[in-house]
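So you can see what is in the structure, the chains are spelled out below.
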Amino acid sequence: MKRKQLESLLEDVERFSSPKINLEQYPTDPHLAANVLFTIQSGYADIEDRSVVELGAGCGVLSIGSILLGASHVIALEIDCDAVEDLRGNVEEFEIDNLDVIQCDVTASIPLRPRCCDTVIMNPPFGTKNNEGIDMVFLDRALEMSRGAVYSFHKTSTREFIQRRMKSHGYHVTVLAEMKFAIPQMYKIHRQREVMVAVDFIRVSADPP
């Protein structure tokens, strides 16, 4: 499948029917999703024939994209009941039978065993809504679950902190892309039509012995 074809298919993923600002629910752009998924597969072969988990899956664009790129099985974890319904609706529309949706709080407990998957992909909350540090909680959970690599988005301003923290735990951080996230005017508190946020797309993996 070509990148443009994947992007076109992901445009059919329905977005949040009832977005919640306290959960930092913003849709992942299909163009962005297609680009990062192709980066993961073309650069590291971490999707095709691999088991994948997405934390904070939202409406499931990264999970569905992983299936379309040949993942053997995907588990999508999401806390919000409305988003879970949106995600399940998208799975049904795409007629996918190897994607499981689990409603759970990633910051509390996850009903999956450690090292349960090959790859974790996520676009976690950045911790801007009275939940400072939640992005690192997501990252810690992801590392517990993955036998291989974790791919994640984080604010560029946190790069050095993440690199130091991961190095102290025996992990290596590779910045795969630096980008600008367009945060749309979705909620009443937003005064601008769009705000651009500097974001890193990173790969975290165990350092070689």
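Okay, so let's go over this structure. Throughout this document, residue positions are counted from 1 along each chain, in the order its sequence is written. Local features are withheld for residues below a pLDDT of 70 in this predicted model, meaning they are given only at 70 or higher, and side-chain atom pairs are given and counted only at 80 or more; totals for whole chains, interfaces and linings count all residues. The side-chain quantities take in all heavy atoms of the structure and omit both hydrogens and water.

### Notes on the side chain of Asp-46
Defined as follows: Numbering of helices and strands runs from the N terminus; a helix is a DSSP stretch of H or I covering at least four residues, while a strand is a stretch of E covering at least two. For every residue, the accessible area (1.4 Å probe, protein chains only) is compared with the maximum for its type, and the residue is labelled buried under 20%, exposed over 50%, or partly exposed between those bounds. Counting of polar contacts relies on pairs of N or O atoms within 3.5 Å, with two restrictions inside protein: one atom must be capable of donating a hydrogen and the other of accepting it, and residues adjacent in sequence are counted only when both atoms are side-chain atoms. A contact between two residues is defined here by any heavy atoms of the two lying within 4.5 Å.
Topologically, Asp-46 is positioned in the loop between helix H2 (30–44) and strand E1 (51–55). Taking relative accessible area as the criterion, Asp-46 reaches 10% and is therefore assigned buried. One polar contact links Asp-46 to Tyr-151, side chain to side chain, over a distance of 2.5 Å. Apart from residues no more than four positions distant in its own chain, Asp-46 is found in contact with Ile-40, Gln-41, Val-52, Thr-119, Ala-149, Tyr-151 and Arg-203.

### Examining the environment of Arg-3
Considering the arrangement of structural elements, one finds Arg-3 in helix H1 (residues 3–10). Accessibility expressed as a relative area gives 37% for Arg-3, which makes it partly exposed. Taking the C-alpha atoms as reference, Arg-3 lies 6.2 Å from Ala-34; in sequence the two are 31 residues apart. Those residues in contact with Arg-3 that lie beyond four places of it in its chain are Ala-34, Asn-35 and Phe-38. For Arg-3, the side chain forms a polar contact with the side chain of Asn-35, separated by 3.1 Å.

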